[in-house]
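Listed below are the residues making up each chain.
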Amino acid sequence: MKIILNEETANFVINDLQASQNDSIRFFVRLGGCSTVQDGFSLGLTKDTPKHPAAEIVVENHTFFIEQEDEWFFDGNDLTVSITDGEIKYDFNNKN
């Protein structure tokens, strides 16, 4: 599993969360909403410190990560994060 996001998307998220320089940003599983990989669950974003990351990427001096405890949600898929019409969009791509 890996996280894919470009600089434009990273800057959008950083600004949206009002993250300070070198803050880490976590993709976490939350109850409710919908996704294409798990019914009744969706992704959220928060500033946090990695403890046991299952995947991480550094963009614009910020670490974006997913904790091991949330790895089940992705069901073996990579996470691609993009911006569409001013909204954060998540795509789950099977890495096989």
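Structural data are supplied above this passage.
This section reports on the structure supplied with the text. Just so it is clear, the model here is predicted, and its values are computed rather than measured. (Residues numbered from 1 in each chain as written. Predicted model: local features only at pLDDT ≥ 70, side-chain atom pairs only at ≥ 80, totals over all residues. Heavy atoms only, no water.)

### Brief notes about the overall build of the protein
The helix and strand tally for the protein stands at one helix and seven strands. Tracing the protein from N to C terminus, the helices and strands come up as β-α-β-β-β-β-β-β. Classification of the 96 residues of the protein by burial places 38% in the buried group. When the accessible surface of the protein is totalled, it reaches about 5600 Å², and 42% of it is carbon and sulfur. (Helix = DSSP H or I, 4+ residues; strand = E, 2+ residues; numbered from the N terminus. Buried < 20%, exposed > 50% of the residue type's maximum accessible area, 1.4 Å probe, protein only. Areas by Shrake-Rupley, 256 points an atom, 1.4 Å probe, with all protein chains shown as cover.)

### Looking at the pattern of salt bridges
Counting across every chain of the model gives five salt bridges. The closest approach of N and O atoms between R26 and D70, which form a salt bridge, is 2.9 Å. Pair noted here: R26 is in strand β2 (residues 24-31) and D70 is in the loop between β5 (62-67) and β6 (77-84), with a separation of 44 residues, a long-range link. The residues R26 and D70 share a single accessibility class, namely buried. A salt bridge links K51 to D48, with the nearest nitrogen and oxygen atoms 3.5 Å apart. For D48, a relative accessible area of 24% corresponds to the partly exposed category. (Salt bridge = Lys/Arg side-chain N within 4 Å of Asp/Glu carboxyl O.)

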